[in-house]
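Structural features, examined
Each chain, written out:
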Amino acid sequence: GKRLRDVPPAALRSHPRKLLLRGNWIRSIPRTVFRDLDGLEVLDLSENPFHESQQPIPDTIQTLRSLTDLVVDKCSLTSVNPRVFSLPSLMRLSLGGNALSSLPRELGAASYVVKLSLNRNALTALPDVFMSMPYLEKVRTDSVSCG
């Protein structure tokens, strides 16, 4: 099939609750994409070549106040926009299969996250912020030392 290079405007007009953009050729998300998507609950951006852009997930992601599930697997990310961690409804965050070597302290702001997937990254240690995440039940990692 044909792969998308941009987020299709038609997909946004209906104010979707789910936006599944897995496996395309999207290199970055324009700042305006998240405007008027306040009811979006699930966003899957996996398997897109984001690593070639400076900030693939714009700061405007913080407007997604209803987002409960964010999946950004296999995108070759070397960092994550810290605004992701302040999403007030976020419960499941998957960042597996990227090139993350560390996690920002802002991860601790993701206080409602229940499931966090960090497997298949280049992490050598995890920050001590998990104690500030009271609802965290499951963390998926490879062999990483905590400390």
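Read on for a plain summary of the structure.

1. A look at the overall build of the protein
Along the backbone of the protein there are 1 helix and 8 strands. For the protein, the α and β elements follow one another from N to C terminus as α-β-β-β-β-β-β-β-β. Here the C-alpha radius of gyration of the protein, 15 Å, is about what a compact globule of 147 residues would show, namely 15 Å. Once the C-alpha set of the protein is aligned to its principal axes, its extents read approximately 45 × 25 × 25 Å. Put simply, the protein has 147 residues, and 45% of those count as buried. Long-range contacts, defined here as pairs at least 24 residues apart, represent 38% of the contacts in the protein between residues at least 6 apart. Summing over all exposed atoms, the protein offers an accessible surface of approximately 8,000 Å²; the carbon and sulfur share of this is 49%. Counting 19 positive and 14 negative side-chain charges, the protein places the centres of these two groups 4 Å from one another.

2. Examining the sheet that holds strand β4 (residues 92–94)
Ordered in space as β1-β2-β3-β4-β5-β7, the 6 strands form an open sheet in which the pairing is parallel. Both edges of this open sheet fall to β1 (18–20) and β7 (138–140), since each of them pairs with a single strand only. Neighbour-to-neighbour, the strand axes of this sheet turn through a mean angle of 5°, independent of strand direction. Bridging between strand β2 (residues 42–44) and strand β3 (residues 69–71) involves 3 bridges; their strand directions are parallel. Each bridged residue has a counterpart across the sheet, and for Val42 the counterpart in β3 is Asp69.

3. Describing the side chain of Asp44
Its location among the elements puts Asp44 in strand β2. Excluding its chain neighbours within four sequence positions, the residues that come into contact with Asp44 are Leu19, Leu20, Leu21, Arg22 and Val71.

4. Here's the deal with a positive patch on the surface
A contiguous patch of positive charge on the surface is contributed by Lys74, Lys115, Arg120, Lys138 and Arg140. Following the sequence through the fold, Lys138 ends up in strand β7.

Quick notes on the rules
Residues numbered from 1 in each chain as written. Predicted model: local features only at pLDDT ≥ 70, side-chain atom pairs only at ≥ 80, totals over all residues. Heavy atoms only, no water. Helix = DSSP H or I, 4+ residues; strand = E, 2+ residues; numbered from the N terminus. Rg over C-alpha atoms; globule rule 2.2 N^0.38 Å. Buried < 20%, exposed > 50% of the residue type's maximum accessible area, 1.4 Å probe, protein only. Contact = heavy atoms within 4.5 Å. Areas by Shrake-Rupley, 256 points an atom, 1.4 Å probe, with all protein chains shown as cover. Lys, Arg positive; Asp, Glu negative; His and termini not counted. Charge placed at Lys NZ, Arg CZ, Asp CG, Glu CD. Pairing = 2+ DSSP bridges. Axes fitted to C-alpha atoms, helices over the stretch in contact; angles between N-to-C directions. Patch = residues over 30% accessible without salt bridge, like charges linked within 9 Å, V, L, I, M, F, W, Y side chains within 5 Å. Salt bridge = Lys/Arg side-chain N within 4 Å of Asp/Glu carboxyl O.

None of this, on its own, says anything about what the molecule does.
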